[in-house]
Amino acid sequence: MAESAEARSDVPLESSIPAGAAPLESILCTEELHRRPSRAPDYEKENRALVTLVSALADSPGTILQTLAETILEITQCDSAGLSLLTRDGKTPDVCGKRFYWPAIAGMWNPHAGGGTPRNFGACGDVLDQNRTLLFTHFERRYPYLLPVIPAAEECLLVPFYVAGEAVGTIWAIMHNDRRKFDAEDDRVMASLGKFASSAYQALIHIEDLKIQVSEREAAEAEVRELARGLEAKIRRLVEANVVGIVMWNLDGAITEANDAFLRMVQFDRADLASGRLRWTDLTPAEWRDHDERAVAELMATGVFQPFEKEYLRKGGSRVSVLLGGALFEGSGNDGVAFVLDLSDQRRAARALRRSEAFLAEGQRLSQMGSFSWRVATDEVTWSEELYRIYELEVGLPVTLKVLRTRVHPDDVSLLEKMKMVERARGGGDFEWQYRLMMPDHSIKYMHAVAHATRDEEGQLEYMAAVQDVTARRRSEEALAKARSELAHVARVTSLGVMTASIAHEVNQPLSGIVTNASTCLRMLAADPPNLDGARETARRTIRDGHRASEVISRLRRLAAKKEADTEPVDLNEATREVIALSTSELQRRRVILRLELADDLPPASGDRVQLQQVILNLLLNAADAMSGVDDRPRLLVVRTEPDGGDGVSLSVQDSGVGFAPEDGERLFEAFYTTKDQGMGIGLSVSRSIIERHQGRLWATRSEGPGATFTFTIPLGQPATEA
Amino acid sequence: MNPEPSGRFPVAIVDDDESVRESLPDLLLEFGFAAQAFASAEEFLASDWVRRSRCLILDVAMPGMSGPDLQRELRRRRQEIPIVFITARGDETVRPRLLKEGAVECLFKPFSEAALLAALDTALRVA
């Protein structure tokens, strides 16, 4: 004890004591205890008190400190008694041990219970520092904070007590007057009570710790309860919102609870649920049972099963696709909860998407239209199935230039190559492209592509193209052209029929020359002597007339020939002269005065010579017809060719005939419209269709004077068609 | 009517077709006629062959004045020359019409030597 006190004396107590306070020695009178006369010990009273204390400790440990204070008061016959305990607050270490507090006070200071004193500046601290019982007198002289604590302490006997060798507090007895002085007997009793105080303190601390634990647990439980209430509310909200199906079940197959969303999904009702008829094992179609078994195995192993898709059988037998996930309740081992999501909408959407994709594919198949995309940055080419079909390639085959070369016609540029060209030349841009495929059996397919350049969200250029197999269209166009040319042929033959006499004339003229010359020649040779020079001359003329006749025949054959349309450079002047050569005598017969105003250096037009001649012939005969009733003026017919001022040439046939009414300007070109007694009325209609096929135009204008002018224009050079 | 001083009957030919104008006079010469070809009716009317000709071989269809036009003109001038029409048009209906108008004959080109001689024979007998 003394050693300990010395060790403690190192603590510089003085530093914390305000200047002017009484020194510690002046308030201590501990030595007085043994000098004063000591009263006789009252062991019976002491034992009674201890028994009271022990039973109080057992019965009501919460009040043991107060009982202890009262016991001290009782035994020492003092005015106030109490305990001072060092604060212990594990949660705030800076507070721990810094103060003494008074948990229990009996006697006159009882109202001050709950108060306390500083650890390092007070009587209790002095007791712990010196580690022994001390007797103070009027300690408020040194510790002025005690001045308000009344009545003032005449004498205060303080005894430390310890737990596990550590001082934790003091018990004390106070006399507020001189009625009696503490003596050695008080010292002994207090020391004895101090030991008890230690036990009581330990019990109390234990109880307090327990209390703390209990209260902490209670608080935690309350928190959990609160949380659970919150969670429950949330879960209830989730269950009742019926956004997802919630179902509680056990591993035996029963469904013990389910929300409306789930019941709606499987088309059962609450009565089914209440009756226990609703079992998840029955809801599962046979082919999905193995999925359930896997989920159960997962539940056994981990307590949860990961969401998976399956089907449920509805009450009516139909099926519903669901996503299902759940868990066993903790500690249950048999019961659990699961959420169930109705996937019908997603399935429907997926089906709709598949269907629209199928529609697209079907549409592509029906229209023989494929789609094609090329991402420039990655050189990635994507084809639709239909495009593979058109190309007769295996679907999914990577599209490379090499593969394309096995299909694209050797003379043509493939779409991908064209895209690359356009990309290099213009950095993108839309275009149309026509090319041919040559299949392994050497059949030809005609392709028409419309390419559109877009940029994706990263600004990368992508080409998308719709590629159509226009072979059938091309074939029907060809068939149409053939039909049209047959119609033109009919018209031509018809107009040639009109000209039969004229043509016969053209042929008969040279034939006549041939016959006459041949006769003359024979006579000259038969003369005596033979006129060889004359014979030679007439033979020469015979040959010449023979050529002339054959020219007429071949011109006629060309004009009457039924052949496919051909595109070639056509000298419109020459074509006109040829037609006129065949029709001169017809025009003569009809007393038509023909004036040719053919432009010099007329550039060649592009087209089918025979078809154009057919048009010219039609226009000439039409003009002649229009003038057939004209007797009061010359039947003047002017054929004029000239550049049309643009990229074409024009030919006009002007007559001085009856003309036409303004409202008939367009009807003239309708098939089978005719003002004439003879003819089918297809001449102008056919002529117009021929000119339009030449990308030209044919129209009629009324002349200033009598008559009408029919004019056509057709373009120069090759028409812009890409193959 | 007498033949030319040469003893040959003068025959005029009016045809716009050159090969006729070249070949027919030679043949007629071989047969012993005097012959002269004209390219148009107008050309013939302007020549003295209008009076000299004992026979006219006349094309039907010609630019300007046609064969029948010339026939009417000669009738108007009272120059009644026997006319043998020739035509390259195969229109048979023209023949009876022309014969009715007083033509000696109407030959369709190409005509044979014999047909021509027969027609000329008729014409000379008429003349």
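Since the model is a prediction, treat every value here as computed from it, not as a measurement.

*Asks:* Explain the overall build of chain B to me, and be specific about the residues and the numbers.
*Replies:* A tally of regular secondary structure across chain B gives six helices and five strands. When its helices and strands are written in sequence order, chain B yields β-α-β-α-α-β-α-β-α-β-α. Taken over 127 residues, chain B has a buried fraction of 47%.

*Asks:* Before we move on, can you summarise the nonpolar core with the specific residues and values?
*Replies:* Residues and elements named next belong to chain A. Grouped together as the largest cluster of nonpolar side chains are 53 residues, with contacts concentrated most on L68, A69 and L158. With residues near it in sequence (within four places) discarded, L68 still touches L53, L83, A104, A197 and A200. Counting 47 residues, the second-largest nonpolar core is a separate cluster that includes M524, L572, V615 and M627.

*Asks:* Would you mind going over the confidence of the model for chain A in detail, with residue names and values included?
*Replies:* Residue and element names in this part refer to chain A. For chain A, per-residue confidence averages 81 on the pLDDT scale, and residues scoring 70 or more make up 87% of the total. For residues 1-15, every residue scores under 50 in pLDDT, and the model assigns this stretch twelve contacts once sequence neighbours within four places are set aside. Confidence drops under a pLDDT of 50 for residues 90-94, and excluding neighbours within four residues, the segment shows zero contacts in the predicted structure.

*Asks:* Quick one: what's the story with the interface of chain A and chain B, residue by residue and with numbers?
*Replies:* Counting residues at the interface gives 24 residues for chain A, matched by 20 residues for chain B. Those elements giving two or more residues to the side of chain A that touches chain B turn out to be α17 (500-526), α18 (532-560) and α19 (572-589) of chain A. Ranked by the residues each element gives to the side of chain A that touches chain B, the list is headed by α17(A), at 17 residues. Of the residues assigned to the side of chain A that touches chain B, the class counts are seven nonpolar, 13 polar and four charged.

*Asks:* Any details on the environment of P634(A)? Residues and values, ideally.
*Replies:* Residue and element names in this part refer to chain A. Within the secondary structure, P634 sits in the loop between α20 (609-626) and β20 (636-643). Judged by local crowding, P634 falls into the exposed class, with 11 C-beta atoms found within 10 Å. Between the C-alpha atom of P634 and that of V592, which follows or precedes it by 42 residues, the distance is 7.7 Å. What P634 contacts, discounting residues up to four positions off in sequence, is I593 and S656.

*Asks:* Let's hear about the packing of helix α4 (residues 43-59) of chain A against helix α5 (residues 64-76) of chain A: which residues, and what values?
*Replies:* Residues and elements named next belong to chain A. Axis separation between α4 and α5 bottoms out at 10 Å; the angle between their running directions is 170°. One element, α4, and the other, α5, form an angle in the roughly antiparallel class. Touching K45, E46, A49, T52, L53, A56 and L57 of α4 are I64, T67, L68, T71, E74 and I75, all from α5. Here the contact of α4 with α5 is composed, by residue class, of seven nonpolar, three polar and three charged.

*Asks:* Quick rundown of the pairing of strand β2 (residues 99-107) of chain A? Include the residues and the values.
*Replies:* A regular strand carries its side chains on alternate faces of the sheet. All names here are of chain A. Note that strand β1 (residues 80-86) and β2 share six bridges and pair antiparallel. Residue pairing in the sheet places G82 in a bridge with I105 of β2. Strand direction decides the pairing type here: β2 and strand β3 (residues 116-118), joined by three bridges, are antiparallel. Each residue of the ladder has a partner; that of R99, found in β3, is P118.

*Asks:* Now, about the pairing of strand β6 (residues 166-175) of chain A: what can you tell me, with residues and values included?
*Replies:* Residues and elements named next belong to chain A. Taking burial as the measure, the ten residues of β6 include eight buried ones, the bulk of the element. Bridge count between β1 and β6: six bridges; the pairing is antiparallel. Note that in β6 the partner of S84 across the bridge is T170. As defined by bridge partners, strand β5 (residues 155-163) adjoins β6 across nine bridges and the pair is classed as antiparallel.

*Asks:* I'd like to hear about α4(A), residue by residue, with values.
*Replies:* Residues and elements named next belong to chain A. Counted at 1.5 Å a residue, the expected span for α4 with its 17 residues is 24 Å, and the 24 Å between its end C-alpha atoms agrees. Every buried residue of α4 is listed here: A49, L53 and A56. All buried residues of α4 fall inside an arc of 65° around its axis, so they share one side. Seen from the open side of α4, the exposed residues pointing more than 90 degrees away from its buried face are Y43, E44, N47, V51, S55, A58 and D59.

*Asks:* Quick one: what's the story with the sheet that holds strand β3 (residues 55-59) of chain B, residue by residue and with numbers?
*Replies:* Residues and elements named next belong to chain B. Pairing within the open sheet is parallel, and its five strands lie in the order β2-β1-β3-β4-β5. Only two strands of the sheet have a single neighbouring strand rather than two, namely β2 (34-38) and β5 (105-108). Neighbour-to-neighbour, the strand axes of the sheet open up by a mean angle of 20°, direction not taken into account. As paired strands, strand β1 (residues 10-14) and β3 are joined by four bridges and run parallel to one another. By the bridge assignment, I13 is partnered in β3 with I57.

*Asks:* How would you sum up the sheet that holds strand β22 (residues 697-702) of chain A? Please name residues and give values.
*Replies:* Residue and element names in this part refer to chain A. The strand order across the open sheet formed by five strands is β18-β20-β21-β23-β22, and the pairing between neighbours is mixed. The open sheet is flanked by β18 (593-598) and β22, the only strands paired with a single partner. Shown here is a sheet whose adjacent strand axes are inclined to one another by a mean of 15°, direction ignored. Taken together, the seven bridges between strand β21 (residues 648-654) and strand β23 (residues 708-715) define a ladder with antiparallel strand orientation. Among the inter-strand pairings, V653 is bridged to a residue of β23, identified as F710. Docked against the sheet, α20 engages β20, β21 and β23, running at close to 25° with respect to β21.

*Asks:* Provide a residue-level description of unusual backbone geometry, including the pertinent values.
*Replies:* With the exception of glycine, the majority of residues adopt a negative phi angle, and the majority of peptide bonds are in the trans configuration. Cis geometry marks the peptide bond from I150(A) to P151(A); its omega dihedral reads -10°. Within the secondary structure layout, P151(A) lies in the loop between β4 (134-136) and β5. Of the consecutive residues K109(B) and P110(B), the connecting peptide bond is found in the cis state with omega at -10°. Mapped onto the elements of the fold, P110(B) is located in the loop between β5 and α6 (113-126).

*Asks:* How would you explain α19(A) if you had to name every residue and give the values?
*Replies:* Residue and element names in this part refer to chain A. In a regular helix each residue adds 1.5 Å, so 18 residues correspond to 26 Å; α19 covers 25 Å between its end C-alpha atoms and thus fits that length. The sharpest bend along α19 comes to roughly 55°, located at S583. Those residues of α19 not exposed but buried are L572, A575, T576, E578, V579, L582, S583, S585, E586 and L587. Downstream of α19 by a residue or two, R591 has a phi angle that is positive, lying close to 60°.

*Asks:* I'd like to hear about the environment of M300(A), residue by residue, with values.
*Replies:* By the element assignment, M300(A) lies in helix α11 (residues 289-302). Separated by 27 residues in sequence, M300(A) and A327(A) have C-alpha atoms that sit 9.8 Å apart.

Definitions and limits used
- Residues numbered from 1 in each chain as written.
- Chains lettered and ligands numbered in written order.
- Predicted model: local features only at pLDDT ≥ 70, side-chain atom pairs only at ≥ 80, totals over all residues.
- Helix = DSSP H or I, 4+ residues; strand = E, 2+ residues; numbered from the N terminus.
- Buried ≥ 20, exposed ≤ 12 C-beta atoms within 10 Å, placed from the backbone.
- Core = buried A, V, L, I, M, F, W, Y, C linked by C-beta atoms within 7 Å.
- Contact = placed C-beta atoms within 7 Å.
- pLDDT = per-residue confidence, 0-100.
- Nonpolar A, V, L, I, M, F, W, Y, C, P; charged D, E, K, R; others polar.
- Axes fitted to C-alpha atoms, helices over the stretch in contact; angles between N-to-C directions.
- Parallel < 35°, antiparallel > 145°, perpendicular 65-115°, else oblique.
- Pairing = 2+ DSSP bridges.
- Expected span 1.5 Å × (residues − 1).
- Arc of directions from axis to C-beta.
- Bend = angle between axes of the 7 residues up to and from the residue.

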